Amino acid sequence: MAGLYYEEFEVGKEYEHPLSRTVTEHDNISFSLMTMNPQPLHVDNHFSAGTEWGQPLFNSLYTLAIMIGMSVQDTTLGTTIGNLGMSDVRFPKPVFAGDTLRARTRIVSKRESASRPTAGIVEFEHTCLNQRGDVVASCRRTGMMHKRPVA
């Protein structure tokens, strides 16, 4: 697997994820409607033109999903048991169709699992930036990770 096992995570280590993604109007509308979010700020150009943004605002939950998704290949691909929670979710700047997003991750903490001897708990801090380098999203995520298999 490309992902890291619990023992391979180092507190303080940072990952600049190489994947980037230009988001589109179709992405925004599809995600909003698939998640049953008919907010006109996301799906109605005419409505959005009259807001302070002047255009549809990208659905923040999709931004969150892209940010975390970009981290998977470098950190947790195939080695995650599951996410335990997210906190400190922030969206300090808006995202619009046509923005190109990239992400970075820092390992905040890690500890042995009290309930599973073959797992550990890792806390990740994810940050998402647009093409101008503006931070558009951030969060802390806690994941339960497999330990390296015993041979």
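Residues numbered from 1 in each chain as written. Predicted model: local features only at pLDDT ≥ 70, side-chain atom pairs only at ≥ 80, totals over all residues. Heavy atoms only, no water.

Some thoughts on unusual backbone geometry
To be explicit about the condition: Every helix listed is a DSSP run of H or I at least four residues long, and every strand listed is a run of E at least two residues long, numbered separately from the N terminus. Here the term buried applies to any residue with accessible area under 20% of the maximum for its type, exposed to any over 50%, and partly exposed to those in between, with areas from a 1.4 Å probe on protein chains only.
Not every positive phi belongs to a glycine, and Met36 is a case in point at roughly 60°. By the secondary structure assignment, Met36 is in the loop between helix 1 (25-34) and helix 2 (40-43). A relative accessible area of 75% places Met36 in the exposed class. Within the chain, Asp88 stands out as a residue other than glycine whose phi angle is a positive 50°. Structurally, Asp88 is set in strand 2 (residues 80-90). On the basis of relative accessible area, Asp88 is assigned to the partly exposed category, the value being 42%.

Section: the state of the cysteines
A covalent bond between the sulfur atoms of two cysteines is referred to as a disulfide. To be explicit about the condition: In what follows, a disulfide is any cysteine sulfur pair within 2.5 Å.
All chains considered together, the criterion is met by zero disulfides. Not engaged in a disulfide, the cysteine Cys128 finds its nearest cysteine sulfur in Cys139; these two sulfurs lie 10 Å apart. For Cys139, a relative accessible area of 1% gives the class buried.

Focus: the environment of Val135
So the rule is basically this: We call two residues in contact whenever any of their non-hydrogen atoms come within 4.5 Å of each other.
Inspection of the secondary structure assignment puts Val135 in strand 5 (residues 135-146). Spatially, the C-alpha atoms of Val135 and Phe91 are 8.0 Å apart, while their sequence positions differ by 44 residues. With near-sequence residues (within four places) excluded, Val135 lies in contact with Pro92, Lys93, Thr127, Cys128 and Leu129.

Details of the sheet that holds strand 2
Inclusion rule: At least two DSSP bridges between two strands are required for those strands to pair. All axes are obtained by fitting lines to C-alpha atoms, using only the stretch in contact for helices, and the reported angles, taken between N-to-C directions, cover 0 to 180 degrees.
The strand order across the open sheet built from five strands is 1-3-4-5-2, with neighbouring strands paired in antiparallel fashion. Because the sheet does not close on itself, it has two edges, and the strands there are strand 1 (14-22) and strand 2. Neighbour to neighbour, the strand axes of the sheet diverge by 25° on average, direction disregarded. Sheet topology note: the strand 1/strand 3 (residues 100-112) ladder contains six bridges and is antiparallel. Directly across from Glu16, in strand 3, lies its bridge partner Arg104.

Brief notes about the packing of aromatic side chains
To be explicit about the condition: Within 6.5 Å between ring centres, the rings of Phe, Tyr and Trp (the latter by its six-membered ring) count as paired, and their orientation is classed by plane angle as stacked under 30 degrees, edge-to-face over 60, tilted in between. When the NZ atom of lysine or the CZ atom of arginine is within 6 Å of a ring's centre and also within 35 degrees of its normal, the charge is said to sit over that ring.
Under the definition given, this model contains four aromatic pairs. With centroids separated by 5.5 Å and ring planes inclined at 85°, the aromatic side chains of Phe9 and Phe124 adopt a geometry described as edge-to-face. Here the residue Phe9 occupies a position in the segment before strand 1, and Phe124 occupies one in strand 4 (residues 119-129), the gap between them amounting to 115 residues. Each of the two residues, Phe9 as well as Phe124, counts as buried. Here a set of aromatic residues connected by ring pairs shows up, and it is made of Phe31, Phe58 and Tyr62. In this structure, Lys110 is placed above the aromatic ring of Tyr6, and the distance from its NZ or CZ to the ring centre is 4.5 Å.

Purely geometric numbers; function is a separate question.
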